[in-house]
Amino acid sequence: MTKLTSELVLSLTDKVSRPARGVSRSIDNIKRQQQGAMGLMRRQEGLTARSAAGMGRASMMMAGVAGYAAPLAGALAVKQVVSSAADFQAAMNRVQAATAATGPEFAALGSLAKEMGRTTSFSANESALAIEMLAKNGLSAQQILDGALKTSMLTAAASGADLSTAADIVTDTMLNFKVNAKELGTVADGISGVLLASKFGIDDYRLALGQAGGVAGGLGVTMADFNTAIAATSNS
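Residues numbered from 1 in each chain as written. Predicted model: local features only at pLDDT ≥ 70, side-chain atom pairs only at ≥ 80, totals over all residues. Heavy atoms only, no water.

1. Some thoughts on the overall build of the chain
Here is step 1 of the chain: Check the secondary structure of the chain and you find eight helices and zero strands.
Here is step 2 of the chain: Reading the chain from its N terminus to its C terminus gives the helix and strand order α-α-α-α-α-α-α-α.
Here is step 3 of the chain: Relative to its 236 residues, the chain shows a buried fraction of 29%.
Here is step 4 of the chain: Residue pairs in contact within the chain that sit at least 24 positions apart in sequence constitute 64% of those at least 6 positions apart. (Helix = DSSP H or I, 4+ residues; strand = E, 2+ residues; numbered from the N terminus. Buried < 20%, exposed > 50% of the residue type's maximum accessible area, 1.4 Å probe, protein only. Contact = heavy atoms within 4.5 Å.)

Shown next as structure tokens:
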């Protein structure tokens with residue numbers, strides 16, 4: 001009887017303690033999971049803090065770069081202005097040597113070059129270069145001021161020619177057809193008309209003017225009649 005009672009007690013004890021042990025293990029598992037989650041959260045917080053610190057340093061670096069960029073851009077702009085002014089002065093020095101212009105004439109040429117730089121697609125430096133070309137072609141400072149420069153630049157802009165070619169065309173027109181500088185206003189329009197109405201390009205026109213312009217002008221042919229003749233010839 002005593003043995004049976006002992007076995008029964010052991011059996012009941014085992015049945016009661018077994019679920020308790022399972023509950024204990026479950027609690028232990030939950031604690032381990034909580035500890036793992038807490039560790040993960042701490043690692044993530046550390047990564048976040050390091051990332052924020054890195055972003056802060058990057059922002060400070062960018063701010064420093066931006067702080068240097070503005071003064072650098074300003075310095076480069078000033079350098080460009082100074083360089084452009086020096087280039088223009090050098091170009092005008094060559095103009096003075098080529099034209100032998102007097103003080104007032106030289107000042108007027110400088111003002112005209114700057115005006116052409118403001119009102120055309122060319123810069124003031126390029127305008128000064130065109131003045132030098134015209135002077136080397138034999139035109140006087142007064143002829144350049146009276147219309148030769150403006151017509152050269154209009155011809156270049158309308159035809160796509162470079163300034164050297166345009167200056168040669170204007171010079172040949174004045175010399176071959178005895179056109180006064182003040183009468184050059186229609187020359188650029190006349191050349192554009194030939195290019196539009198014919199198969200001529202600006203280089204073709206320059207060659208035709210150089211080869212036949214002198215003869216035509218010597219025979220009393222006007223510039224307008226010459227343009228009409230070469231336009232018809234190119235289309236035949």
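There is more to say, and it comes next.
2. Considering the packing of aromatic side chains
Here is step 1 of the chain: Applying the stated criterion to the full structure yields one aromatic pair.
Here is step 2 of the chain: When the ring of Phe177 is compared with that of Phe226, the centres are 5.4 Å apart and the planes differ by 55°; the resulting orientation is tilted. Taken together, the residues Phe177 in the loop between helix 5 (163-176) and helix 6 (187-197) and Phe226 in helix 8 (residues 223-235) connect sequence positions 49 residues apart.
Here is step 3 of the chain: You can call Phe177 buried: its relative accessible area is 11%. (Phe/Tyr/Trp six-rings, centres within 6.5 Å; stacked < 30°, edge-to-face > 60°.)

3. A short note on helix 5
Here is step 1 of the chain: Its 14 residues place the ends of helix 5 20 Å apart at the C-alpha level, agreeing with the 20 Å of an ideal helix rising 1.5 Å per residue.
Here is step 2 of the chain: Buried residues dominate helix 5, accounting for 10 of its 14 residues.
Here is step 3 of the chain: Regarding helix 5, the residues found buried are Leu163, Thr165, Ala166, Ala167, Ile169, Val170, Thr171, Thr173, Met174 and Asn176.
Here is step 4 of the chain: Packed against the buried residues of helix 5 are helix 3 (124-136), helix 4 (141-159), helix 6, helix 7 (202-218) and helix 8.
Here is step 5 of the chain: Capping the start of helix 5, Asp162 holds a side-chain oxygen 3.2 Å from the backbone nitrogen of Ser164, two or three residues further along.
Here is step 6 of the chain: Just downstream of helix 5, Lys178 is the residue with a positive phi angle, here 50°. (Expected span 1.5 Å × (residues − 1). Polar contact = N/O pair within 3.5 Å; in protein donor to acceptor, adjacent residues only side chain to side chain.)

4. So, the confidence of the model for the chain
Here is step 1 of the chain: Mean pLDDT over the chain works out to 79, with 64% of the residues at or above the 70 mark.
Here is step 2 of the chain: A low-confidence stretch, residues 1-17 stays under pLDDT 50, and its non-local contacts, those more than four residues away or across chains, total one contact. (pLDDT = per-residue confidence, 0-100.)

5. A word on helix 6
Here is step 1 of the chain: Val187, Ala188, Ile191, Ser192, Val194 and Leu195 are the residues of helix 6 that are buried. Viewed end-on, helix 6 has its buried residues packed into an arc of 155°, placing them on one side of the element. Residues of helix 6 that are exposed and point more than 90 degrees away from the buried face comprise Asp189 and Leu196. (Arc of directions from axis to C-beta.)

6. Here we look at the nonpolar core
Here is step 1 of the chain: The biggest cluster of nonpolar side chains holds 47 residues, and the ones touching the most others in it are Leu109, Ile144, Leu149, Leu184 and Tyr205.
Here is step 2 of the chain: Ile144 has contacts with Thr99, Leu109, Leu112, Ile131, Leu134, Ala135, Leu139 and Leu149, leaving out every residue within four places of it along the chain. (Core = buried A, V, L, I, M, F, W, Y, C linked by side-chain atoms within 4.5 Å.)

7. Remarks on the environment of Gly213
Here is step 1 of the chain: Among the structural elements, Gly213 can be located in helix 7.
Here is step 2 of the chain: Take Gly213: its relative accessible area is 0%, and that puts it in the buried class.
Here is step 3 of the chain: Each C-alpha atom, one on Gly213 and one on Phe226, is 7.6 Å from the other, the two residues being 13 residues apart in sequence.
Here is step 4 of the chain: Setting aside its immediate chain neighbours within four residues, Gly213 contacts Asn176, Phe177, Ala208 and Phe226.

8. Let's talk about the packing of helix 4 against helix 6
Here is step 1 of the chain: Following both chains from N to C, one finds helix 4 and helix 6 inclined at 20°, their axes separated by 9 Å at the closest point. Put simply, helix 4 runs roughly parallel to helix 6. Judged by the sense of rotation from one axis to the other, the crossing of helix 4 with helix 6 is right-handed. Seen from helix 4, the contacting residues are Thr151, Leu154, Thr155, Ala158 and Ser159; seen from helix 6, they are Val187, Ala188, Ile191, Ser192 and Leu195.
Here is step 2 of the chain: Residues of the contact of helix 4 with helix 6, tallied by class, amount to six nonpolar, four polar and no charged. (Axes fitted to C-alpha atoms, helices over the stretch in contact; angles between N-to-C directions. Parallel < 35°, antiparallel > 145°, perpendicular 65-115°, else oblique. Left-handed = near helix turned anticlockwise from the far one by under 90°. Nonpolar A, V, L, I, M, F, W, Y, C, P; charged D, E, K, R; others polar.)

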